[in-house]
Amino acid sequence: MLEPENPSTSSNIGTEFSVSFLLLLLRSLSLFSMEGLASLKVPFQTLPSFSSRPITSIPPAQVNFYKKSSLFTFSVRAQMESNEGSAAVATSGESVTEALKIKEWEVGMFQNEVAASQGIRIRRRPPTGPPLHYVGPFQFRLQNEGNTPQNILEEIVWNKDTEVSHLKERRPLGVLKKALANAPPTRDFIGALRAANERTGLPGLIAEVKKASPSRGILREDFDPVEIAKAYEKGGAACLSVLTDEKYFKGSFENLEAIRKAGVKCPLLCKEFIIDAWQLYYARIKGADAVLLIAAVLPDLDIKYMIKICKLLGLSALVEVHDEREFDRVLGIEGIELIGINNRNLETFEVDIGITKKLLEGERGKIIREKNIIMVGESGLFTPDDIAYVQEAGVKAVLVGESIVKQSDPGKGISNLFGKDITLS
Ligand SMILES: O=C(O)c1ccccc1NCC(=O)[C@H](O)[C@H](O)COP(=O)(O)O
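Residues numbered from 1 in each chain as written. Predicted model: local features only at pLDDT ≥ 70, side-chain atom pairs only at ≥ 80, totals over all residues. Heavy atoms only, no water.

Looking at an unreviewed UniProt entry, one finds the protein named indole-3-glycerol-phosphate synthase, with Canavalia gladiata as its source organism. The annotation that UniProt attaches to the protein under Pathway (unreviewed entry) is "Amino-acid biosynthesis; L-tryptophan biosynthesis; L-tryptophan from chorismate: step 4/5." (UniProt positions renumbered as here; feature names shortened; annotations may be inferred.)

**Regarding the site of the ligand**
Taken together, 19 residues sit near the ligand, with Glu208, Lys210, Ser215, Ser379 and Gly401 positioned nearest. Between Lys210 and the ligand, the recorded distance is 2.7 Å, taken from a side-chain N or O atom to an oxygen atom. Between an oxygen atom of the ligand and a side-chain N or O atom of Lys271, the distance comes to 3.3 Å. Across the complex, the protein chains shield 98% of the 520 Å² of accessible surface that the ligand would expose by itself. (Near = heavy atom within 4 Å. Polar contact = N/O pair within 3.5 Å; in protein donor to acceptor, adjacent residues only side chain to side chain. Areas by Shrake-Rupley, 256 points an atom, 1.4 Å probe, with all protein chains shown as cover.)

**Considering the pattern of salt bridges**
This model, assessed by the stated rule, comprises 21 salt bridges. For Lys210, the salt bridge goes to Glu208, with nearest N and O atoms at 3.9 Å. By the burial criterion, Lys210 is buried, and Glu208 matches it. Residue Glu402 pairs with Lys406 through a salt bridge whose shortest N-O separation is 3.3 Å. Beyond isolated ion pairs, a larger network of salt bridges with shared partners links Lys160, Glu163, Asp245 and Glu272. (Salt bridge = Lys/Arg side-chain N within 4 Å of Asp/Glu carboxyl O. Buried < 20%, exposed > 50% of the residue type's maximum accessible area, 1.4 Å probe, protein only.)

**With respect to the pairing of strand 8 (residues 290-294)**
With five of its five residues buried, strand 8 lies for the most part within the structure. Covered by surrounding structure in strand 8 are Ala290, Leu292 and Ile294 together with Val291 and Leu293, the residues of both alternating faces. Assessed by its sense of winding, the connection that carries the chain from strand 7 (residues 268-271) through helix 12 (residues 277-285) to strand 8 is right-handed. Direction of pairing for strand 8 relative to strand 9 (residues 316-321): parallel, over a ladder of five bridges. Residue pairing in the sheet places Leu292 in a bridge with Leu318 of strand 9. (Helix = DSSP H or I, 4+ residues; strand = E, 2+ residues; numbered from the N terminus. Right-handed = clockwise from strand over helix to strand, strands pointing away. Pairing = 2+ DSSP bridges.)

**What to know about the sheet that holds strand 6 (residues 239-243)**
Read around the barrel, eight strands follow the order 3-6-7-8-9-10-11-12 and close on themselves; strand pairing throughout is parallel. Pairs of neighbouring strands in the sheet enclose a mean axial angle of 25°, with direction left out of account. Where helix 9 (residues 189-200) meets the sheet, its contacts fall on strand 3 (204-209), strand 6, strand 7, strand 8, strand 9, strand 10 (338-342), strand 11 (374-378) and strand 12 (397-400), and the angle it forms with strand 3 comes to roughly 125°. Contacting strand 9, strand 10 and strand 11, helix 14 (residues 324-331) runs over the sheet at an angle of about 150° to strand 9. (Axes fitted to C-alpha atoms, helices over the stretch in contact; angles between N-to-C directions. Contact = heavy atoms within 4.5 Å.)

**Section: helix 11 (residues 253-261)**
Inspection of helix 11 places Phe253, Asn255, Leu256, Ile259 and Arg260 among the buried residues, and these make up the whole buried set. All buried residues of helix 11 fall inside an arc of 160° around its axis, so they share one side. (Arc of directions from axis to C-beta.)

**Some words on the packing of aromatic side chains**
Across all of its chains, the model carries three aromatic pairs by this definition. On the basis of an interplanar angle of 65° and a centroid distance of 4.7 Å, the ring pair of Phe253 and Tyr282 is categorised as edge-to-face. Linking Phe253 in helix 11 with Tyr282 in helix 12, this pair joins segments that are 29 residues apart in sequence. Using a relative accessible area of 10% as the deciding quantity, one classes Phe253 as buried. Through a chain of ring-to-ring contacts, three or more aromatic side chains come together here, namely Phe253, Trp278 and Tyr282. (Phe/Tyr/Trp six-rings, centres within 6.5 Å; stacked < 30°, edge-to-face > 60°.)

**Focus: the UniProt feature "domain: Indole-3-glycerol phosphate synthase" (unreviewed entry) in the protein**
Here the UniProt-annotated "domain: Indole-3-glycerol phosphate synthase" (unreviewed entry) positions come out as residues 153-416. Annotated as residues 153-416, this span is 47% helix and 17% strand, and its ends, taken at the C-alpha atoms, are 31 Å apart.

**As for the packing of helix 12 against helix 13 (residues 300-313)**
At their nearest, the axes of helix 12 and helix 13 sit 10 Å apart, and the two run at 25° to each other. Looking at the two axes, helix 12 sits roughly parallel to helix 13. Of the two possible hands of crossing, helix 12 and helix 13 adopt the one that is right-handed. For the pair formed by helix 12 and helix 13, the contact residues are Ala277, Leu280, Tyr281 and Arg284 on the first element and Tyr305, Met306, Ile309, Cys310 and Leu313 on the second. (Parallel < 35°, antiparallel > 145°, perpendicular 65-115°, else oblique. Left-handed = near helix turned anticlockwise from the far one by under 90°.)

**Looking at the nonpolar core**
Counting 105 residues, the largest nonpolar core has Leu205, Tyr232, Leu240, Leu280, Phe327 and Ile339 as the members making the most contacts within it. Once residues within four sequence positions are removed from consideration, Leu280 is found in contact with Ile274, Val291, Leu293, Met306, Ile309, Cys310, Leu313 and Leu315. (Core = buried A, V, L, I, M, F, W, Y, C linked by side-chain atoms within 4.5 Å.)

**Regarding the packing of helix 14 against helix 16 (residues 363-371)**
Interhelical geometry of helix 14 versus helix 16 gives an angle of 30° and a closest axis separation of 12 Å. Of the possible angle classes, the one that applies to helix 14 and helix 16 is roughly parallel. The crossing of helix 14 and helix 16 is left-handed. Each of Glu324, Phe327, Asp328 and Leu331 in helix 14 lies in contact with helix 16, whose residues at this interface are Arg364, Ile367, Ile368 and Lys371. Split into classes, the residues belonging to the contact of helix 14 with helix 16 amount to four nonpolar, no polar and four charged. (Nonpolar A, V, L, I, M, F, W, Y, C, P; charged D, E, K, R; others polar.)

As structure tokens, this is what we get:
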């Protein structure tokens, strides 16, 4: 039975009616913008399952449920007052925009559900709309667990979602596709790692051009990405990883492009939080040879789809995992040639290089060898002993940022890391 007075206790709403239908109904009454709707504060847990929602009409008593809610009343008043002096009825352009927003919200909720079913804790979008927002004197969305990120990775993903939608508006996919004609050819990222491993007998190095990180803050004040990239190449790096996220890592696509245009020969990984295939095209035209796909963020179907697009674009994909469940999911996907084990938990920042060893023990290590997949040990590697430890565990490549980027001579940082000059091996 539906609890009419208290939305927070109505956990069985999902079996009674479709919230999305209700949203559309309310919108058609022209009373609400998405902001007003979001302030109804339907918690994520009480949302109906999109896979099982019934197509039914809404009995009048259930519509009244929202009318009786004091929160609802406040939302209506706030919305109407904030619209004072403006047309009460939305123009057709506005209603199309609103309908699109509602659709986007629905898709976001559906993505959250699919992801959760695969053990993914990161929600693609805030279930109750973006956090705290002020319109004039009114605060339309109160901060609650539905619109507050649970951890840094979720916060990054939510920001990325907004960032990518804005970028896409400015440069739609069709425009990027045309720009592909002028993109530089891609270089063989995986081949470069294999060659370095065979030549030196040590893991091939992916050296990271990283100015800052959420866990460590600013790593290097005098940050010249091109100079650092050249020093890495001279110091024996097989490939480079270039952070392009601006907000959390102080990176940029300009850095990636500048390194590529400066004639650095090492293949380049675009180190980005990819949530949309559009970003693959963008990375490609900015000079990337490889991209990062994070299993903690992307459901299997997204990974499969993105791997296909990568192949079409000539990009290599480094698929990153942190625990057994993610690793097993990724091992079940066809066509993956490069897997990274991140020793850093991106939700808590905890770093433990023992994760690489743990994940490569037993059956999984066997599958990796059978499939000839190159494993990359990522994060928290500082000493020759650390390198030897992950190599012993089974990696053929390592991805290193902090320990080398912080050195006054990053090239010298590489020989310190490996305990020898790897350009001579
Ligand atoms: O580094 C962070 O603080 C971080 C926070 C949230 C998401 C990702 C993050 N880092 C990405 C990486 O995993 C590292 O940049 C990369 O593996 C190199 O790690 P390190 O050698 O420890 O700098």
